[in-house]
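# Geometric and topological summary
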Amino acid sequence: MTDTIAELGTRLGPDVVGAVRALYAPEQEPRAAALAPVASDFAYGPHPRNRLDLYREGESGGLRPVLLFVHGGGFLVGDKGGDGNGNGGWANAHLGRWAAVNGMLGAVMNYRLAPDETWPAGAEDVAAAVEWLQEHAAEHGGDPERIVLLGTSAGSVHIAGFLKLRSDHAGMVRAAVLLSGLYGFTPLDERDMLYYGPQDAYAGRMPRKAVVETALPLLLACAEFDPPRFQAEWAGLLQARLDRHGRLPRAHYASGHNHYSMAMHIGTADRRLSDEILTFISAHS
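Scope of this entry: the structure provided in the associated data block. (Residues numbered from 1 in each chain as written. Predicted model: local features only at pLDDT ≥ 70, side-chain atom pairs only at ≥ 80, totals over all residues. Heavy atoms only, no water.)

## Comments concerning the overall build of the protein
On a plain count of helices and strands, the protein comes out with eleven helices and eight strands. Taken against the 2.2 N^0.38 rule, which gives 19 Å for 285 residues, the C-alpha radius of gyration of the protein at 17 Å falls within 12% of a compact globule. With the C-alpha coordinates of the protein rotated into their principal frame, the extents come out at 50 × 45 × 40 Å. Residue burial in the protein is summarised as follows: out of 285 residues, 58% are buried. Counted over contacts in the protein with a minimum sequence separation of 6, partners at least 24 positions apart contribute 74%. For the protein, the accessible surface area stands at approximately 11300 Å², while carbon and sulfur atoms represent 51% of it. Averaging the locations of the 25 positively and 33 negatively charged side chains of the protein gives two centres separated by 4 Å. (Helix = DSSP H or I, 4+ residues; strand = E, 2+ residues; numbered from the N terminus. Rg over C-alpha atoms; globule rule 2.2 N^0.38 Å. Buried < 20%, exposed > 50% of the residue type's maximum accessible area, 1.4 Å probe, protein only. Contact = heavy atoms within 4.5 Å. Areas by Shrake-Rupley, 256 points an atom, 1.4 Å probe, with all protein chains shown as cover. Lys, Arg positive; Asp, Glu negative; His and termini not counted. Charge placed at Lys NZ, Arg CZ, Asp CG, Glu CD.)

## Regarding the packing of aromatic side chains
On inspection of all chains with the given rule, the structure shows six aromatic pairs. For the pair Tyr-196 and Tyr-202, a centre-to-centre distance of 4.9 Å together with 65° between the ring planes defines the contact as edge-to-face. Classification of Tyr-202 as buried rests on a relative accessible area of 2%. Consider the rings of Trp-234 and Tyr-253, whose centres lie 6.0 Å apart with planes at 35°: the pair is tilted. With Trp-234 in helix H9 (residues 228-245) and Tyr-253 in strand E8 (residues 250-258), the pair connects residues that are 19 residues apart, well separated along the chain. The exposure class assigned to Trp-234 is buried, which follows from its relative accessible area of 17%. (Phe/Tyr/Trp six-rings, centres within 6.5 Å; stacked < 30°, edge-to-face > 60°.)

## Re the packing of helix H2 (residues 14-34) against helix H3 (residues 93-101)
Packing of H2 against H3 leaves a shortest axis separation of 10 Å and a crossing angle of 70°. Overall, the two elements H2 and H3 adopt an arrangement that is roughly perpendicular. On the side of H2, the interface is formed by Gln-28, Arg-31 and Ala-32, while H3 contributes His-94, Arg-97, Trp-98 and Val-101. Among the residues making up the contact of H2 with H3, the classes are represented as three nonpolar, two polar and two charged. (Axes fitted to C-alpha atoms, helices over the stretch in contact; angles between N-to-C directions. Parallel < 35°, antiparallel > 145°, perpendicular 65-115°, else oblique. Nonpolar A, V, L, I, M, F, W, Y, C, P; charged D, E, K, R; others polar.)

## Section: the sheet that holds strand E1 (residues 39-43)
Taken in spatial order, the eight strands line up as E1-E2-E4-E3-E5-E6-E7-E8 in an open sheet, and their pairing is mixed. In this open sheet, the two strands that pair with only one neighbour each are E1 and E8. Taken pair by pair, the neighbouring strands of this sheet meet at an average axis angle of 20°, ignoring direction. Strand direction decides the pairing type here: strand E6 (residues 175-179) and strand E7 (residues 218-225), joined by four bridges, are parallel. Looking at E7, one finds that Ala-176 is bridged to Leu-218. Contacts from helix H4 (residues 121-136) reach E1, strand E2 (51-55), strand E3 (64-70), strand E4 (105-109) and strand E5 (142-152), with the element oriented near 155° to E5. Running at roughly 130° to E5, helix H5 (residues 154-165) makes contact with E3, E5, E6 and E7 of the sheet. (Pairing = 2+ DSSP bridges.)

## Overview of the pairing of E4
Taken across its five residues, E4 has five buried, putting it largely inside the fold. Residues Leu-105, Ala-107 and Met-109 of E4 are buried on one face, and the alternating residues Gly-106 and Val-108, pointing to the opposite face, are buried as well. Strand direction decides the pairing type here: E2 and E4, joined by four bridges, are antiparallel. Bridging from a neighbouring strand, Leu-54 pairs with Ala-107 of E4. Of the pairings in the sheet, the one linking E3 to E4 comprises five bridges and is parallel in character. Along E4, the bridge assignment pairs Leu-67 with Gly-106.

As structure tokens, this is what we get:
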């Protein structure tokens, strides 16, 4: 599997997504078939894409931590995944299931997409989903006082944007895990402008300052075969956090993985990143 990912290199695109999905389907599809969401398509806001699904395993044990997953997709595409019956596939939904089998209430959200919806729509949607969970998580076995965020790619950007948007974010969530995000250490590319607007607007819109300065516990990760731009963002954020706080945040370098496999493999036999995330969540929830 590692050799196949290495052969794919650092490219992005639908063909790479498909190849990575095929690698992990034999492990992920049985879990999708075995664990349906306990509730689907809750409306956390007024837009048709303001929807989330919830995953839980078992009924006892009191209120459990809540993990909210925010999918990637380059600001333009992406979905919270299917219900285990072939509706949308397992990808992205597998993070909710992984949270459930590890004793949490898993929540997987959709959010508004560019170019129809632009900055700061994604950050606003993360905030709205968190507020919905604060109000309703307990109805489904989740502790509204112990919400942790997990995002990948554009999802990480929107979580970072939430940190910028809401000065009270540390009172809303306990911690955040950011996989392969873009925070403002490299220039926009043309695709990003469909969400952020022109390059000259980026300085006022990027989440860089917020994600550097926040006191919220962070776990920052990137992959060996992430495109160099994403690696530069990760390294730049680590250095900026060190300069600002006098120590590095918790971090993970996913050797043998690429931009897509880093999230897609969570819940498989490769437990290096998942164990790191579980330890981090346990420490802060």
